[in-house]
Amino acid sequence: MKAWRASLLYFPEPAQAVLETDGLLVVGPDAGGRQVVQAVGSYSALAPRFPGLEVTHLPGRIIAPGFVDMHIHYPQLDVIGSPAEGLLPWLENYTFPHEKRFTDPAYSAEAATFFIAELLRHGVTTALAFATSHPESVDALLGEAQRRSLRLIAGKVLMDQNAPDGVRDATEQSLIDTEALITRWHGVDRLGYAITPRFVPSCSEAQLRGAGELAARYTDVWIQSHVAENRDEVAWVRELYPQARSYLSVYEQFGLLRPRAVYAHCIHIDDEDRALMRGTGTAAAVSPTSNLFLGSGFFDYAAADRTGFLYGLASDVGGGTSFSPFHTMLAAYYVGREGQTKTGVSLKPQQLWWQHTAGAARALGLEGVAGNLLPGCEADFVVLNPQATPLLARKTAQAGSLDELLFALIVLGDDRVIERTVISQAASTTWPDHEEVSAK
Ligand SMILES: [Zn+2]
């Protein structure tokens, strides 16, 4: 067992954080050999229970759960920051040409290595990621995640229509490839597979039906896709499925709404769609930097909470503009505040942070596994430096409450705040050797 003494941030209740200012985090193997939190709480109360335990003391630092990113595209590393007139031209001019390169395993491997290093540098320890339509791109990403002992979920994109040569796949082969990848990767170490239809316009009815059949056969495999991001896209789906009640209902028709199904955006939806999400256990991946960058619209937090479906935060790189959970949380605050097209709300700092950690884990069906530091959770965590920049040091020193401290970090923080990202499953025994140190 190992232990860390520092300020500890964690979530005893949904959206309710605790900061133990002089805390102790004790990590050790569970019955299955996974490194999990054995105890968390105040140093003075816990230390006597663990005599002789080697304790790493990190004065002035905050240990917090590793962040959970519910939606990100690893092949879009180099698409980030590309100018375009909205979603559909952005896909055509930047995303599809770039994704073609992932047919080359060496190219995929280099991108996967960079991508995972970048996640860790930003404190992200769990992610649900799109690969490309090439099975090699999934092997590269999950192979690298396995090497770094990461909890990662990914899938081969399904797109057999309305896509250019080089990224378009063949219906029957795409489903065979998907099933082979499920068998190869799902449940291996901490890896998971996600059945990944890109979005309705890019998939034939036969491909969506096949995806739904796989989702019914492999019930603990994830599903990831996009829905109702942009009005042009919604209109396109209405042309393709004039009988469907809504865009979301097309996925329902093919059996693609269920627990562990995660849909990015969910902006242009109505209360009937929201009830459908709640009723089926489907989750939304809220992607605020992407939605602001592409001008897609604003996720309606008040309506989501009124209807009570699951959601959490996501970077949506490369439509999103940053890997940083701090930037995503701040953008979510902007999106919540927007009150001209929907009800404006001021999301509480603890609520924002929860949406990117334990709340996101819950939406992924990983409550009690990832995104928190309660006993039994996998011990992936970040060491935060609240003095990382002069202004942040000045501001956090004046914080009079936990919300003021967290909001200072959300508004002023970035990768400089992430001093270390620790993946406790990594094979090794002593600090600092077992840690995954950022690339700084
Ligand atoms: Zn996306």
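Keep in mind that this is a model prediction, so the values were computed, not measured. One numbering rule holds for all chains: residues counted from 1, following each sequence as written. Given that this is a predicted model, residues contribute local features only at a pLDDT of at least 70 and side-chain atom pairs are listed and counted only at 80 or more, while totals for whole chains, interfaces and linings are drawn from all residues. To obtain the side-chain values, all non-hydrogen atoms of the structure were used and water was disregarded.

Side note on the coordination of the zinc ion
- The coordination sphere of the zinc ion contains the protein donors H71 (NE2), H73 (NE2), H226 (NE2) and D316 (OD), at a distance range of 2.0 to 2.4 Å.
- In this structure, the zinc ion is coordinated by four donor atoms arranged in irregular fashion, with angles at the metal of 86 to 168°.
- Here a donor is an N, O or S atom found within 2.8 Å of the metal, or within 3.2 Å if the metal is Na, K or Ca; sites may look incomplete because water is not among the atoms. Here the donor residues of the zinc ion share one chain and are spaced in sequence as H-x1-H-x152-H-x89-D. Taken together, the residues H226 in strand β10 (residues 222-227) and D316 in the loop between β13 (310-313) and α12 (325-337) connect sequence positions 90 residues apart.
- Note on D316: relative accessible area 4%, which makes it buried. For a four-donor site, all angles between 85 and 135 degrees give tetrahedral; for four or six donors, opposite pairs above 155 degrees with the remaining angles between 65 and 115 give square planar or octahedral; all remaining cases count as irregular. Put simply, DSSP marks the helices as runs of H or I at least four residues long and the strands as runs of E at least two long, and each gets a number from the N terminus on. The buried label goes to any residue with under 20% of its type's maximum accessible area, the exposed label to any with over 50%, and the partly exposed label to all in between, with areas taken from a 1.4 Å probe on protein chains only.

Side note on the environment of T126
- Checked against the element boundaries, T126 lands in strand β6 (residues 124-130).
- In this structure T126 comes out as buried when scored by relative accessible area, which is 3%.
- Residues in contact with T126, not counting those within four places in the same chain, are F67, V68, D69, R151, L366 and A370. Contacts were defined at the residue level, with two residues in contact if any of their heavy atoms lie within 4.5 Å.

Re empty space enclosed by the protein
- Only protein atoms enter the 1 Å grid, on which a cavity is a set of points fitting a 1.4 Å probe that cannot get out and a pocket is an open set with protein on both sides within 12 Å along at least 5 of 7 lines, lining residues being those with an atom within 4 Å of a point. Grid points are joined across faces, edges and corners, and a volume is the space filled by probe spheres set on the points. In the structure shown here, the tally under the stated rule is two cavities of 30 Å³ or more.
- Its boundaries defined by the atoms lining it, the largest cavity holds a volume of some 120 Å³.
- Taken together, 15 residues line the largest cavity, and the ones lying closest to its centre are L87, W90, L91, H226 and E229.
- The residue makeup of the lining of the largest cavity, split by class, is five nonpolar, six polar and four charged.
- Taken as a whole, the second largest cavity spans an internal volume of roughly 50 Å³.
- Along the walls of the second largest cavity sit G66, V68, T125, T126, V369, A370, G371, E378 and D380, which together make up its complete lining.
- Here the lining of the second largest cavity is composed, by residue class, of three nonpolar, four polar and two charged. When residues are sorted by character, Ala, Val, Leu, Ile, Met, Phe, Trp, Tyr, Cys and Pro go into the nonpolar class, Asp, Glu, Lys and Arg into the charged class, and all the rest, Gly among them, into the polar class.

Re the sheet that holds strand β2 (residues 16-29)
- Taken together, six strands build an open sheet; the order of strands is β3-β2-β1-β4-β14-β15 and the sheet is mixed. Only two strands of the sheet have a single neighbouring strand rather than two, namely β3 (35-42) and β15 (418-423). When the angles between neighbouring strand axes are averaged without regard to direction, this sheet yields 40°.
- With nine bridges joining them, strand β1 (residues 2-13) and β2 adopt antiparallel strand pairing. Directly across from L8, in β2, lies its bridge partner E20.
- Axis lines are fitted through C-alpha atoms, for helices just across the contact stretch, and the angle between N-to-C directions can take any value from 0 to 180 degrees. Here helix α16 (residues 402-412) sits on the sheet in contact with β1, β2 and β4 (55-65), set at roughly 75° to β2. A pair of strands is labelled paired if DSSP reports no fewer than 2 bridges between them.

Looking at the packing of aromatic side chains
- In this scheme Phe, Tyr and Trp rings, the latter by its six-membered ring, pair at centre separations within 6.5 Å, and the angle between planes marks the pair as stacked below 30 degrees, edge-to-face above 60, and tilted otherwise. Within this structure, the stated rule accounts for 18 aromatic pairs.
- Note on geometry: a ring has a charge over it if NZ (lysine) or CZ (arginine) is within 6 Å of the ring centre and within 35 degrees of the ring normal. Here R5 stacks its cationic end above the ring of Y43, 3.6 Å away from the centre of that ring.
- Across the ring face of W222, the terminal group of R260 is positioned such that the distance to the ring centre comes to 3.9 Å.

Some points on helix α2 (residues 87-99)
- Over its 13 residues, α2 extends only 16 Å from the first C-alpha to the last, a length that falls short of the 18 Å expected when each residue adds 1.5 Å.
- One axis is fitted to the seven residues ending at the residue and one to the seven starting there. The bend at that residue is the angle between these axes. A maximum bend of about 30° is found in α2 at N93, where proline P97 lies one to four positions downstream.
- Those residues of α2 not exposed but buried are L87, W90, L91, T95, F96, H98 and E99.
- Buried positions along α2 lie against α3 (105-121) and α7 (231-240). Each residue after the first adds 1.5 Å to the expected span of a helix.

Re the side chain of D414
- Relative to the helices and strands, D414 is located in the loop between α16 and β15.
- Pairing of N or O atoms within 3.5 Å defines a polar contact, subject to two protein rules: one partner must be a possible hydrogen donor and the other a possible acceptor, and residues neighboring in sequence count only if both atoms are side-chain atoms. Engagement of the side chain of D414 in a polar contact is seen with the side chain of R416, the distance being 2.7 Å.

Focus: the pattern of salt bridges
- Any Lys or Arg side-chain nitrogen located within 4 Å of an Asp or Glu carboxyl oxygen qualifies as a salt bridge. Here the structure, examined in full by the defined rule, presents 23 salt bridges.
- Of the charged contacts, one joins E378 and R151 as a salt bridge, the two residues approaching to 2.8 Å between their closest N and O atoms. Taken together, the residues E378 in the loop between α14 (358-363) and β14 (380-384) and R151 in strand β7 (residues 151-155) connect sequence positions 227 residues apart.
- Judged by its relative accessible area of 2%, E378 is buried.
- D273 is the partner of R245 in a salt bridge, and the nearest nitrogen-oxygen pair spans 3.0 Å. You can see R245 sitting in the loop between α7 and α8 (247-253) and its partner D273 sitting in helix α9 (residues 271-280), a full 28 residues away along the chain.
- Several salt bridges share partner residues, and in doing so they unite D30, R34, R151, R190, E378 and D380 into one network.

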